[in-house]
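Here are the chains, one letter per residue:
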Amino acid sequence: MLKTKFTYSRLLFTITLALGGNAAIAADCTDVMPRPRPPQANEWQTVDNGVTTTHIITPEGAFPSQDPFTNPPGSNHLDTVYKNVCDGNGVEMVNTLPSTPENPYNLHDNPVVSVIDKTSPTDDLREAFQLIKKSKGHDKLAVQKAIDILEGNPIPSRTYSGMALLHYKGPERIKHVQAVYDANNVKIGGIVDVHQVWFDGTIQSDAAMIDPSDVLDVPWTVRFTVDTLNRGHEDFAPMVMYFDDPALSPPGMPPMPHVLMDQTFFPMEDGTRTVYEIKMAPGKYYNLTYNWGWRKHPPRVQVSENARKMIAGKSLPQWEIDVFGPHPSASEAEKLAAIAKIGDLAPEKRMWNLLRSIKANGKASANDIKSLNRAFEQSQDRNKLPDGVTADPDSDWTLFFVNNTIYGQIKGIRDDSHVEYPDWKLRGKTVKIKLLNGDHFDHAYFNVDFGGRRGWENTFQSTQAIGGAGQWFTFGRAHWWVNAGMPTAGKPGLIITPPATGSGDNTVVGQHNIEMQMNYEPSRRLRWYQFDPLHHDFAIWSIH
């Protein structure tokens, strides 16, 4: 269904490409055309005792079967081609080569680094909880400050001010790329500003979605301002996913998967602000930007989606608005209605409920303090299921949608900093996944292959001189494909886990089962990229 009409052999195109009034350049597309696309996975559903199971059989891999972990780098590893990739028309996609031997950071100039206060939300919450314990709940300022941190209310002097630990603000976090024109009023590009804060296992961002409507045919720039707070030390590695030219898709179908790449791999230290200007391909190709940190992955991850994207006839902003309202923090009533959509089993929601109770009563019991600290502890670890949720013993891992994010746990494996599932090395492996939903709205499931089936390159050069680790941990430049959840003609293709019912400790979670046969070998960089396509943002739980 998603096969193209093009020949993928060593094909040479010489194309004239006008880039915003600049001099025309010739595109050599040898070895950088879209790689062959397999058939879509075979997907069907059954129902047993009221619980739906989605069965998926992925197509066979195109490379010889070889364990990429025992025999690295594996048969699906491609020789690096130091050129921009081309789309299915043979048109060069500028800004798609992130690193070269001559320039390890090919998509940005030297970033600007400055010193900032490194106090994180975790630091301030911990201090507030200590004051609440000491005063037995009578310290009203400490109680309110903790509520403000969770709700994302303004907090003077803090770089994280306005970024909520309760994930209900999606409709207010949509950025629009502003077009840039030259002296002759010719559009030559565009720019959008994105602010992030990194701390513990968390990335907070003011951009849940980016709208590239005004730069569809010109390259553009994302200006990232990244504040690295306490325990946030990391390499900045925004990974962009690009589609092929949308005009090549069959009528009624989404754009075809093409290529993804880490755009940089630049080290950041606690207590610093780093400003990057990352160069992007023309906006018509844009799918999303996956911001991740290899030192804690998962859960250190956040995505900015393309706000133009449609799923089941509805735009991504509308999916968020239908749950949380158009302006969820505009008034107290709208805020409370939005936060009510978040399930009570979320550690962040438990803290919020307890703090509001302490505020109303003017005091905190010993049990309140104990419960508050327990919820705080569990909010720091998304690689273990929180209280009130039990892992399915018959599944390889259990994913719990709650607080518009994902908590997860692999059977028999426990590692807070790096989650792996070593049992899948060769094709033919079947995995069972239990999906649980603790929120009061639908969550969907989507699964993407990061180059196992269509191949991947390790494009990043050594950056050891400045402390970078890209050549060992980068996703490189990979040719992605969809394993599960792809829309098909005549049906939305959504794998839905229904919402929870009830409240508090009486919450009954929604359930869905996945059984997926993997008929190709994974890439060495990532086995599973799994997320909620309706509310992507923080709802990701990848497995290496």
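Residues numbered from 1 in each chain as written. Predicted model: local features only at pLDDT ≥ 70, side-chain atom pairs only at ≥ 80, totals over all residues. Heavy atoms only, no water.

Asker: How should I be thinking about the confidence of the model for the protein in this particular structure?
Answerer: Predicted coordinates in regions of low pLDDT should not be interpreted in detail. For the protein, per-residue confidence averages 91 on the pLDDT scale, and 91% of positions sit at 70 or higher. Note that residues 1-26 has pLDDT below 50 and, in this model, 53 contacts with residues that lie over four places away or in other chains. (pLDDT = per-residue confidence, 0-100. Contact = heavy atoms within 4.5 Å.)

Asker: Can you walk me through the packing of aromatic side chains in this structure?
Answerer: Geometrically, a pair of aromatic rings is defined through the distance of the ring centres and the angle of the planes. Counting across every chain of the model gives 23 aromatic pairs. Residues F129 and F376 carry aromatic rings whose centres are separated by 5.5 Å and whose planes lie at 90° to one another, so their mutual orientation is edge-to-face. Remark: F376 occurs in helix 6 (residues 366-379) and F129 occurs in helix 1 (residues 121-135); sequence separation between them is 247 residues. What makes F129 buried here is its relative accessible area of 5%. In this structure F376 comes out as buried when scored by relative accessible area, which is 8%. With a centroid separation of 4.4 Å and 25° between ring planes, the pair formed by W292 and F475 is classed as stacked. Linking W292 in strand 16 (residues 286-292) with F475 in the loop between helix 7 (470-473) and strand 25 (477-478), this pair joins segments that are 183 residues apart in sequence. For W292, a relative accessible area of 0% gives the class buried. Here a set of aromatic residues connected by ring pairs shows up, and it is made of F265, Y290, W292, F446, F450, F475, Y529 and F531. One Lys or Arg, K314, reaches over the ring of W319 and ends 3.8 Å from the middle of that ring. (Phe/Tyr/Trp six-rings, centres within 6.5 Å; stacked < 30°, edge-to-face > 60°. Helix = DSSP H or I, 4+ residues; strand = E, 2+ residues; numbered from the N terminus. Buried < 20%, exposed > 50% of the residue type's maximum accessible area, 1.4 Å probe, protein only. Lys NZ or Arg CZ within 6 Å of the ring centre and 35° of its normal.)

Asker: What should I look at first to understand a nonpolar patch on the surface in this one?
Answerer: A surface patch of nonpolar side chains, amounting to about 190 Å² of accessible area, comprises V180, V186 and I188. Within the secondary structure layout, V186 lies in the loop between strand 7 (178-181) and strand 8 (187-199). Residue V186 is classed as partly exposed on the basis of its relative accessible area of 35%. (Patch = residues over 30% accessible without salt bridge, like charges linked within 9 Å, V, L, I, M, F, W, Y side chains within 5 Å. Areas by Shrake-Rupley, 256 points an atom, 1.4 Å probe, with all protein chains shown as cover. Salt bridge = Lys/Arg side-chain N within 4 Å of Asp/Glu carboxyl O.)

Asker: What exactly am I supposed to notice about the nonpolar core here?
Answerer: A general tendency of soluble globular proteins is for nonpolar side chains to be buried together. By size, the foremost hydrophobic cluster in this structure holds 45 residues, and its most contacted members are F129, I132, Y168, L355, L372 and F400. At the level of secondary structure, the elements contributing two or more residues to this core comprise helix 1, helix 2 (140-151), strand 8, helix 3 (316-324), helix 4 (332-339), helix 5 (347-361), helix 6 and strand 20 (397-402). Beyond its immediate stretch of four places on either side in the chain, I132 contacts G137, A142, V143, L355, I358, A364, I369 and L372. In this structure, V32, M33, V194 and M261 belong to the second largest nonpolar core, which totals 35 residues. (Core = buried A, V, L, I, M, F, W, Y, C linked by side-chain atoms within 4.5 Å.)

Asker: Would you mind going over unusual backbone geometry with me for this structure?
Answerer: Leaving glycine aside, a negative phi is the common case for residues, and trans is the common case for peptide bonds. At the junction of P72 and P73, the peptide bond is cis and its omega measures out at 5° in the coordinates. Here P73 is to be found in the loop between strand 4 (51-57) and strand 5 (112-115). P298 connects to P299 through a cis peptide bond whose omega is 10°. Within the secondary structure, P299 is located in the loop between strand 16 and strand 17 (301-306). Even without being a glycine, S157 presents a positive backbone phi close to 75°. When you line up the elements, S157 lands in the loop between helix 2 and strand 6 (174-176). Take S157: its relative accessible area is 63%, and that puts it in the exposed class. One non-glycine residue, A312, lies in the positive phi region at around 55°. Topologically, A312 is positioned in the loop between strand 18 (310-311) and strand 19 (314-315). By relative accessible area, A312 is classed as partly exposed at 47%.

Asker: Whenever I open this one, helix 1 confuses me. Can you help?
Answerer: Count 3.6 residues to each turn of an α-helix, and residues three or four apart come out pointing the same way. Counted at 1.5 Å a residue, the expected span for helix 1 with its 15 residues is 21 Å, and the 21 Å between its end C-alpha atoms agrees. All of the buried residues in helix 1 are P121, T122, D123, D124, L125, A128, F129 and I132. Of the surrounding elements, those touching the buried residues of helix 1 are helix 2, strand 8, helix 5 and helix 6. Immediately downstream of helix 1, the backbone of K136 shows phi near 55°, a positive value. (Expected span 1.5 Å × (residues − 1).)

Asker: Help me understand the pairing of strand 4, please; the structure alone is not making it clear to me.
Answerer: Looking along a regular strand, one sees side chains alternate from face to face of the sheet. With 5 of 7 residues buried, strand 4 lies mostly within the body of the structure. Sheet analysis places strand 3 (residues 42-48) next to strand 4, joined by 7 bridges and oriented antiparallel. Its bridge partner lying in strand 4, D48 is registered against V51. Hairpin remark: strand 3 followed by strand 4, antiparallel, with 2 residues in the connecting loop; positive phi at N49, about 55°. Where strand 4 lies against strand 28 (residues 510-518), 5 bridges are found, and the strand directions are parallel. Among the inter-strand pairings, I56 is bridged to a residue of strand 28, identified as M516. (Pairing = 2+ DSSP bridges.)

Asker: Would you mind showing me how to read the state of the cysteines here?
Answerer: Any covalent bond linking the sulfur atoms of two cysteines counts as a disulfide. For the structure shown, the criterion picks out 1 disulfide. With a sulfur-sulfur separation of 2.0 Å, C29 is cross-linked through a disulfide to C86. The S-S bond linking C29 to C86 shows a torsion near -85°; that makes this disulfide left-handed. One end of the pair, C29, is in the loop between strand 2 (25-28) and strand 3; the other, C86, is in the loop between strand 4 and strand 5, with 57 residues separating them in the sequence. Accessibility assignment for this pair places C29 and C86 in one class, buried. (Disulfide = S-S within 2.5 Å.)

Asker: So what exactly am I meant to see when it comes to the packing of helix 1 against helix 2 here?
Answerer: Pairs of packed helices are described in terms of their axes, by the angle between the two and the distance that separates them. Between helix 1 and helix 2, whose axes approach to 9 Å, the crossing angle comes to 150°. It follows from the interaxial angle that helix 1 and helix 2 lie roughly antiparallel. The element helix 1 and its partner helix 2 pack so that their crossing is left-handed. Contact residues: helix 1 offers P121, D124, L125, E127, A128, F129, L131 and I132, while helix 2 offers A142, V143, K145, A146 and I149. By residue class, the composition of the contact of helix 1 with helix 2 is 10 nonpolar, no polar and 3 charged. (Axes fitted to C-alpha atoms, helices over the stretch in contact; angles between N-to-C directions. Parallel < 35°, antiparallel > 145°, perpendicular 65-115°, else oblique. Left-handed = near helix turned anticlockwise from the far one by under 90°. Nonpolar A, V, L, I, M, F, W, Y, C, P; charged D, E, K, R; others polar.)

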